[in-house]
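Analysis of the macromolecular model
So you can see what is in the structure, the chains are spelled out below.
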Amino acid sequence: QVQLVESGGDLVQPGGSLRLSCEASGSIVMINDMSWCRQVPGKEREWVTTVTSSGNTNYAASVKGRFTVSRDNAKNTVYLQMNSLKPEDTAVYYCNADIWTGVARSNYWGQGTQVTVSS
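Below, the structure is looked at part by part.

What counts, and at which threshold
Residues numbered from 1 in each chain as written. Predicted model: local features only at pLDDT ≥ 70, side-chain atom pairs only at ≥ 80, totals over all residues. Heavy atoms only, no water. Pairing = 2+ DSSP bridges. Helix = DSSP H or I, 4+ residues; strand = E, 2+ residues; numbered from the N terminus. Axes fitted to C-alpha atoms, helices over the stretch in contact; angles between N-to-C directions. Buried < 20%, exposed > 50% of the residue type's maximum accessible area, 1.4 Å probe, protein only. Core = buried A, V, L, I, M, F, W, Y, C linked by side-chain atoms within 4.5 Å. Contact = heavy atoms within 4.5 Å. Disulfide = S-S within 2.5 Å.

1. Some points on the sheet that holds strand β1 (residues 2-7)
Read across the open sheet, the four strands follow the order β1-β3-β8-β7; overall the sheet is antiparallel. Of all strands in the sheet, those bounded by a partner on one side alone are β1 and β7 (67-72). Within the sheet, the average angular offset between the axes of one strand and its neighbour, ignoring direction, is 15°. Here six bridges tie strand β3 (residues 18-26) to strand β8 (residues 77-82), and the two strands are oriented antiparallel to one another. Along β8, the bridge assignment pairs Leu 20 with Leu 80.

2. Notes on unusual backbone geometry
Positive phi, normally seen in glycine, also occurs at Asn 76, with a value near 50°. Topologically, Asn 76 is positioned in the loop between β7 and β8. Overall, Asn 76 belongs to the partly exposed group, its relative accessible area being 25%. Residue Ser 84 is not a glycine yet carries a positive backbone phi of 50°. You can see Ser 84 is positioned in the loop between β8 and β9 (91-100).

3. Observations regarding the side chain of Asn 32
Turning to its location among the elements, Asn 32 is positioned in strand β4 (residues 30-39). On the basis of relative accessibility, which here comes to 18%, the residue Asn 32 falls in the buried class.

4. Concerning the nonpolar core
Generally speaking, nonpolar side chains in soluble globular proteins are found buried as a group. Ranked by internal contacts, the top residues of the largest apolar core, which has 29 residues, are Leu 4, Trp 36, Met 82 and Tyr 93. Of all elements in the fold, only β1, β3, β4, β5 (46-51), β7, β8, β9 and β11 (113-117) reach the threshold of two or more residues within this core. Here the element with the most residues in this core is β9; it accounts for five residues. If sequence neighbours within four positions are ignored, Tyr 93 has contacts with Glu 6, Leu 20, Trp 36, Cys 37, Arg 38, Phe 67, Leu 80, Met 82, Gly 112, Thr 113 and Val 115.

5. Re the environment of Ala 74
For Ala 74, the location among the structural elements is in the loop between β7 and β8. Residue classification places Ala 74 among the exposed residues on the basis of a relative accessible area of 76%.

6. What about the state of the cysteines?
For the structure shown, the criterion picks out one disulfide. Note that Cys 22 is cross-linked by a disulfide to Cys 95, the S-S spacing being 2.2 Å. Its torsion about the S-S bond being -85°, the disulfide of Cys 22 and Cys 95 is classed as left-handed. Residue Cys 22 is located in strand β3, and its partner Cys 95 is located in strand β9; the two are separated by 73 residues in the primary sequence.

Pasting the structure below:
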C-alpha cells in the first residue's frame with residue numbers, strides 16, 4: 001500500500017556532513033507531518049525533527065543549529081541535512097509520516113538507514 005524508503009546513511013568523520021532522504025510511494029492522497037527519529041542499540045528511539053505540510057519545523061535540542069529538515073511535496077520526499085556531525089549522532093535513522101490514503105489516516109515507518117560518525 002504505502003512504503004517509506006530512507007537512503008543516504010554512511011560512515012563519516014566527526015565534523016562531517018551527510019544528507020538523508022526518505023521517499024514515500026503508494027496510494028497517497030495527502031501527507032501531513034513528516035518526522036525523523038533515531039535509535040541506538042540498547043536505547044529508546046529518539047525524536048529528532050518534524051516538518052509539517054506547510055513547512056514549519058521543530059528540532060530536538062541535541063540537533064538544533066546543526067540539522068535542517070525540508071520536504072518536497074511534489075516528490076513525497078523529506079530530507080535531513082546533517083552538519084557538524086558528532087559521534088553521539090551515530091544511530092539508525094528512521095523516517096515517519098502521517099499519511100491519508102483516501103481509505104484511512106495512518107502512521108508509516110521506513111526501514112531505517114545507518115549513520116556512523118567515527119574517527
